[in-house]
Amino acid sequence: MSPAAAPEPTSLLEQVDQAFEKAAALTSYPRGLLGQIRRCNGVYRITFPFKRDDGSIEIVQAWRAEHSHHKLPTKGGIRYAEIVDEDEISALAALMTYKCAIVDVPFGGAKGGVRIPVQSYSAAELERITRRYAYELYKKNFIGPGIGVPAPDYGTGEREMAWIVDTYQSITADKLSSLACVTGKPVPLGGIRGRREATGLGVMFGLREACSVAEDMKAIGLSAGLEGKRVVVQGLGNVGSHAARFVRDAGAILVGLAEREGAIHAEGGLDLDRVLAHRSETGSILGVPGATDLPRTDLALELDCDILVPAALENQITVENAAKIRARIVAEAANGPTTAAAHEILLGRNVLVLPDVYLGAGGVTVSYFEWVKNLSHVRFGRLEKRYEQQSHQRLLHGIGAFLGRDFTPGEVEAMARGPDEEDIVRSGLEETMIRAYSELRTLGLRAGLGLDLRKASMLSAIHKIARCYEDLGIFP
Ligand code: GLU
């Protein structure tokens, strides 16, 4: 950082607002409209007591921010962490609004946070906290299939979503659509196949798409295609571990991995399954045979690689380390991993940044599919799977007759299989990520933004949300 540079704002809310304002400055919308889009509609702050297993009482602080009501319900995960606060939750809610708009998921943005040291609580304690939090949201009309639909985020998962849907169903009068009050549920409780890995899969689809544009890859000094690219992933939680697996399956080489306890590196490639198995055995990724341990976890960000995937928390790439990033592509799988000033440094160094509001949208996209499934009460593929299979079989039979040979049962199985829920979910996610990428790239080029996809993404979100308000006739 040069001595003359202004100190970097540390709050995520300031970072998100800065990114918004940079894109807003490229538009001619009235200031009032832009202010309406940017500001958080409302934040509900809750304090409630809960009983520890030893009988003592503790007070829990929690929030739910609803950033935008331009579309309903509002949508966004619930974060359990010791360091959440109101500003962070508001910022994450804003990111959800932009994320949904960018990938055409018809929701407003929201986010929840519960300030607790998750690791020190038992499952029974977490259940009591979760059920009480869900009840508090219900009391104030912050949860419901058409009102606000939470989902997993950092520190929560299917188990917490199961407790939420069960709590909601026990108190609501609306029994018909109640399953749609929350997404990311276990499949037997109304969840959808493919939701768990959706954010990681979306990261791979977005990356694959970006890498397929030969012209852009040439501009940053890389060859086209994801295959053979050397990748570093920071964070092996639900998002990072699946992103790592999908990019590996697409032919990329994992040269570095980082977790809370440290980072590892192997120029020839790391065996992800082995690393994950080692971590579940020993509690650490360090000490995996064939890999070099790095003295500090943040050093993984500075490893020599083609693609860096920050998949942990916000504020990881800052003015302190942006100039040391050696990756040519930063693929933001986490929310807010790059500060606004660090982003400018990366751009100045001709690094392609795939922004969180686009690249991390896979989770909410599949949450949308889950919500639709819950409201329609039918599993995707149930109606058409067999019909399609039989049509394909008839077609193959006709082709076989024309060619004068029968297809083997194996060939028929491979070519005629009808889609099941997971196939449809994956294909819907792929379509969403590919379509949004091409939209952002075209918008960016038209606006003369070059490879600044963050500005293009924010611009796309602003246009789409502004159009809703304009159609409402609220603004001229
Ligand atoms: N927490 C996830 C996110 O930040 C998913 C939200 C959702 O599925 O509603 O995008």
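In case you missed it, the structure is sitting above this.
Residues numbered from 1 in each chain as written. Predicted model: local features only at pLDDT ≥ 70, side-chain atom pairs only at ≥ 80, totals over all residues. Heavy atoms only, no water.

## Some thoughts on the overall build of the protein chain
Secondary structure assignment for the protein chain yields 16 helices and 12 strands. Since a compact globule built from 476 residues should have a radius of gyration of about 23 Å, the 23 Å found for the protein chain is in line with a globular shape. C-alpha atoms of the protein chain, sized along the principal axes, occupy 75 × 60 × 60 Å. In the protein chain, the proportion of contacts linking residues at least 24 apart, taken out of those at least 6 apart, comes to 67%. A total accessible area of about 20,100 Å² is found for the protein chain, and carbon and sulfur atoms account for 53% of it. One way to put it: in the protein chain the 55 positive side-chain charges average out to a point 3 Å from where the 60 negative ones average out. (Helix = DSSP H or I, 4+ residues; strand = E, 2+ residues; numbered from the N terminus. Rg over C-alpha atoms; globule rule 2.2 N^0.38 Å. Contact = heavy atoms within 4.5 Å. Areas by Shrake-Rupley, 256 points an atom, 1.4 Å probe, with all protein chains shown as cover. Lys, Arg positive; Asp, Glu negative; His and termini not counted. Charge placed at Lys NZ, Arg CZ, Asp CG, Glu CD.)

## Remarks on the packing of aromatic side chains
Counted according to the given criterion, the structure contains 9 aromatic pairs. With centroids separated by 5.7 Å and ring planes inclined at 90 degrees, the aromatic side chains of F107 and Y368 adopt a geometry described as edge-to-face. Of this pair, F107 sits in the loop between α3 (86-102) and β4 (108-115) while Y368 sits in helix α12 (residues 362-376), and the two are 261 residues apart along the sequence. Residue classification places F107 among the buried residues on the basis of a relative accessible area of 1%. Clustering of aromatic rings is evident, with ring pairs tying together F107, Y368, F369 and W371. Above the plane of the ring of F246 lies R245, whose end atom (NZ or CZ) is 4.7 Å from the centre. (Phe/Tyr/Trp six-rings, centres within 6.5 Å; stacked < 30°, edge-to-face > 60°. Buried < 20%, exposed > 50% of the residue type's maximum accessible area, 1.4 Å probe, protein only. Lys NZ or Arg CZ within 6 Å of the ring centre and 35° of its normal.)

## Examining the site of the ligand
Residues in close proximity to the ligand total 14 residues, the closest being K75, K99, P152, D153 and S367. K75 places a polar side-chain atom, nitrogen or oxygen, 2.8 Å from an oxygen atom of the ligand. In this structure, S367 approaches the ligand through a side-chain N or O atom, which is 2.6 Å from an oxygen atom. Within the complex, 94% of the 290 Å² of free accessible area of the ligand lies under protein. Broken down by secondary-structure element, the contributors of at least two residues to the shell around the ligand are β3 (74-81), α3, β5 (148-152) and α12. Residues that form the shell around the ligand fall into these classes: 4 nonpolar, 5 polar and 5 charged. (Near = heavy atom within 4 Å. Polar contact = N/O pair within 3.5 Å; in protein donor to acceptor, adjacent residues only side chain to side chain. Nonpolar A, V, L, I, M, F, W, Y, C, P; charged D, E, K, R; others polar.)

## Examining empty space enclosed by the protein
Under the defined criterion, the tally for this structure stands at 2 cavities of 30 Å³ or more. In this model, the largest cavity occupies a volume close to 230 Å³. Lining the largest cavity are 18 residues, with Q15, A19, T338, A340 and R454 sitting closest to its centre. Counting residues per element, the ones that place at least two in the lining of the largest cavity are α1 (12-24), α10 (340-348), α11 (356-359) and α16 (453-471). No other element matches the 5 residues that α1 contributes to the lining of the largest cavity. Classifying every residue of the lining of the largest cavity by side-chain character gives 7 nonpolar, 5 polar and 6 charged. (1 Å grid on protein atoms, 1.4 Å probe; cavity = no way out; pocket = protein on both sides within 12 Å on 5 of 7 lines; lining within 4 Å. Points joined across faces, edges and corners; volume = space filled by probe spheres on them.)

## A short note on α10
Among all positions in α10, only A340, A342, H343 and L346 are buried. Seen end-on, α10 carries its buried residues on one side only, within an arc spanning 155 degrees. Close packing links the buried residues of α10 with α1, β11 (329-331), β12 (352-354) and α16. Phi turns positive, to about 65 degrees, at N350, one or two residues after α10. (Arc of directions from axis to C-beta.)

## What about the pairing of β5?
For β5, the buried fraction is high: 4 of the 5 residues fall into the buried class. One ladder, built from 5 bridges, connects β3 with β5; its direction is parallel. Residue pairing for β5: G77 is matched across the bridge by A151. (Pairing = 2+ DSSP bridges.)

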